[in-house]
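# Architecture at a glance
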Amino acid sequence: MKCDVAIVGAGPAGLLLGHLLRQAGIDAVIVERQSAEYVLSRIRAGVLERTTTDLMVQLGLDTRMLAEGQLHSGFNLADGERLIRIDIEDLTGSQVMVYGQSEVTRDLIDAAPERGLEVVWEAKDVALHDIESAAPSVSFEQNGKTQTLTAKYIAGCDGFHGPSRRAIPEGIGREHERVYPFGWLGILADVPPCHEELIYANHANGFALASMRSNTRSRYYIQVPLDTDLAQWPDERLWDELAVRLGPDAAAHMTRGPAIEKSVAPLRSYVFEPMRHGNLFIAGDAGHIVPPTGAKGLNLAASDVTYLSKALIARFKQNDETGLEGYAAKALARVWKSERFSWYLTNLMHRFPDHGTFERQMQLAELDYIANSRAAQISIAENYVGLPL
Ligand code: FAS
Ligand code: PHB
């Protein structure tokens, strides 16, 4: 098998990149280890920056997003006493789109066949080879047969646990990591949201987030210890704790219902450098992870892919390699700024085991400062809607 660009991973990064390259007439093939059903079953991000929605518009895959998504002009921080509304539209002129990641991947997967984007599903033992050569390749097993896909370039879009980063020779990569001493317990329920906008709460008991997927489907999270056993959190206990942490007003409007999905995710900040080695380019979670507090994960995958697709198109269409040469530095510059914002909001909104009363007072003082400072709110708002590309 041969193609121009071999893409490892059919998450948002791989699918967006594959579609953008196909749209430009470049032969891209995606190799994915899971089934399409498995990829679609993962409940993940909920908030899209313009960075991401612009790509769906550019691909002409925005119809369902515009019909079923919700444009939000603000979100709320809560300190256990009050809601502090960040009016992102007034402060930045931009909004965010509330439209689940599973819906984005569904739109991209459904459109792949008619657009000639080949996805090899359920590929086993995927491995990268000769990434420093002019003919790198991806080998995999499918239906008991080993196959090799040779390309001019490989895009590693295989998430945090994929093989791409590990294909870079020892001693070349540098890792930067912060693992947080807690996780998020997330619940999805077919109940109306408790508020028309998102609420990020820092309560004495810990962090909570009220989000949504539609007017009839809500997504909530609470901060929990890393070793949390889901059996300790029956629905009733979780709803009680959400009502406490989100505050009296949200609680008064909260509709309870059975969890249709409940899971605990660890939180980490992670960056791998370089995001390019030889003819392997890394994009999305394969190169970086952010705590979901700032709603940046999926959106960073979109910005990496915006840069990488433009660079690859220039290479194949005008034989211009400047974009490829500058990709890693350009992508990392935006990655680090999003890492900073996600780290900042995580430290502001969570209770840390080693925090004393002083640290708690610092958090409350920061929230009070934000409540009373337009300058502080502008800073939060411009990061939340997404910094310029
Ligand atoms: P992905 O991990 O989505 O996709 C990688 C793909 O590569 C997967 O389909 C995987 O099966 C495939 N792959 C892995 N190994 C492979 C191999 N050996 N061979 C072939 N394929 C392989 N972000 C937010 O903005 N907000 C959130 O609320 C949020 N919640 C999250 C909750 C969880 C539990 C997790 C894990 C992440 C969450 N994220 C959130 C971040 C998430 O949305 C990612 O940023 C986003 O999925 C990144 O997309 P990709 O880079 O495509 O990586
Ligand atoms: C979600 O709806 O899943 C969501 C929204 C915003 C975040 C994190 C998760 O910051």
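Residues numbered from 1 in each chain as written. Chains lettered and ligands numbered in written order. Predicted model: local features only at pLDDT ≥ 70, side-chain atom pairs only at ≥ 80, totals over all residues. Heavy atoms only, no water.

### Re the site of ligand 2
The cut-off we apply is this: One heavy atom suffices: a residue is near a molecule or strand as soon as one of its heavy atoms comes within 4 Å of it. We define a polar contact as two N or O atoms separated by no more than 3.5 Å, with the added condition that, inside protein, one atom must be a possible hydrogen donor and the other a possible acceptor, whereas residues neighbouring each other in sequence contribute only through side-chain atom pairs. Each accessible area is a Shrake-Rupley estimate made with a 1.4 Å probe; only the visible protein chains count as cover when residues are assessed. Charged residues are taken to be Asp, Glu, Lys and Arg, nonpolar residues to be Ala, Val, Leu, Ile, Met, Phe, Trp, Tyr, Cys and Pro, and polar residues to be all remaining types, Gly included.
Of all residues adjacent to ligand 2, which total 14 residues, the nearest are Tyr200, Ser211, Arg213, Tyr221 and Pro292. With respect to ligand 2, the side chain of tyrosine 221 contributes an N or O atom lying 2.6 Å from an oxygen atom. Here an oxygen atom of ligand 2 and a backbone polar atom of proline 292 are 2.6 Å apart. Burial of ligand 2 by the surrounding chains reaches 97%, relative to a free accessible area of 280 Å². Residue composition of the shell around ligand 2, grouped by class: eight nonpolar, three polar and three charged.

### Re helix 9 (residues 297-318)
Test applied: The secondary structure listing takes helices from DSSP runs of H or I that are at least 4 residues long and strands from runs of E that are at least 2 residues long, numbered from the N terminus. Here the expected length of a helix is defined as 1.5 Å per residue gap, with one fewer gap than residues. Exposure is judged per residue with a 1.4 Å probe applied to protein chains only, and the accessible area is read against the type maximum: over 50% gives exposed, under 20% gives buried, and values in between give partly exposed.
The first and last C-alpha atoms of helix 9 sit 32 Å apart over 22 residues, in line with the 32 Å expected at 1.5 Å per residue. Summarising burial for helix 9: 16 of the 22 residues are buried, a large majority. Remark: asparagine 319 follows helix 9 within two positions and exhibits a positive phi of approximately 55 degrees.

### Quick look at the packing of helix 1 (residues 12-23) against helix 6 (residues 101-111)
What counts here: Each axis is a line fitted through C-alpha atoms, taken for helices only over the stretch in contact, and angles between the N-to-C directions span 0 to 180 degrees. Helix crossings are classified by the rotation of the near helix relative to the far one: an anticlockwise turn of less than a right angle makes the crossing left-handed, while a clockwise turn makes it right-handed. The contact rule is simple, with two residues in contact once any of their heavy atoms fall within 4.5 Å.
For the pair helix 1 and helix 6, interaxial distance at closest approach is 10 Å and the crossing angle is 35 degrees. As helix 1 runs across helix 6, the sense of the crossing is left-handed. Note on element contacts: helix 6 touches helix 1 through Gln101, Thr105, Leu108, Ile109 and Ala111, opposite Pro12, Leu15, Leu16 and His19.

### A few points about the packing of aromatic side chains
To keep it simple, the criterion reads: Aromatic pairing here means that ring centres of Phe, Tyr or Trp (its six-membered ring) are within 6.5 Å. Orientation follows from the plane angle: under 30 degrees is stacked, over 60 is edge-to-face, and everything else is tilted. A ring is scored as having a charge over it whenever the NZ atom of a lysine or the CZ atom of an arginine sits within 6 Å of its centre and within 35 degrees of its normal.
Tallying each qualifying case throughout the model produces 13 aromatic pairs. Taken together, a centroid distance of 6.4 Å and an interplanar angle of 50 degrees make the contact between tyrosine 200 and phenylalanine 207 tilted. The residues tyrosine 200 and phenylalanine 207 share a single accessibility class, namely buried. In this structure an aromatic cluster arises from ring pairing among Phe75, Trp184, Tyr200, Phe207, Tyr221 and Tyr384. The aromatic ring of tryptophan 233 is capped on one face by arginine 237, whose charged end is 3.6 Å from the ring centroid.

### Section: the sheet that holds strand 5 (residues 75-78)
Quick note on the threshold: Strand pairing is assigned whenever DSSP identifies at least 2 bridges connecting the two strands.
Strand order in the open sheet formed by eight strands is 6-5-14-15-16-13-17-20, and the pairing between neighbours is mixed. Lying at the two open borders of the sheet, with one neighbouring strand each, are strand 6 (83-86) and strand 20 (288-289). In this sheet, strand 14 (residues 199-203) lies alongside strand 5 in parallel orientation, the contact comprising three bridges. By the bridge assignment, asparagine 76 is partnered in strand 14 with isoleucine 199. Seen against the sheet, helix 12 (residues 374-384) touches strand 5, strand 6 and strand 14 and runs at an angle of roughly 65 degrees to strand 6.

### With respect to the sheet that holds strand 19 (residues 280-282)
Pairing between the strands of a sheet comes from backbone hydrogen bonds, and it takes one of two forms, parallel or antiparallel. Overall, mixed pairing links the six strands, which are arranged 8-2-1-12-19-18 in an open sheet. Every interior strand has two partners, whereas the edge strands, strand 8 (118-120) and strand 18 (276-277), have only one. Across four bridges, strand 1 (residues 5-8) lies against strand 2 (residues 28-31) in parallel orientation. By the bridge assignment, alanine 6 is partnered in strand 2 with valine 29. Sheet strands touched by helix 9: strand 1, strand 12 (153-156) and strand 19. Its angle to strand 12, the strand with the most contacts, is close to 175 degrees.

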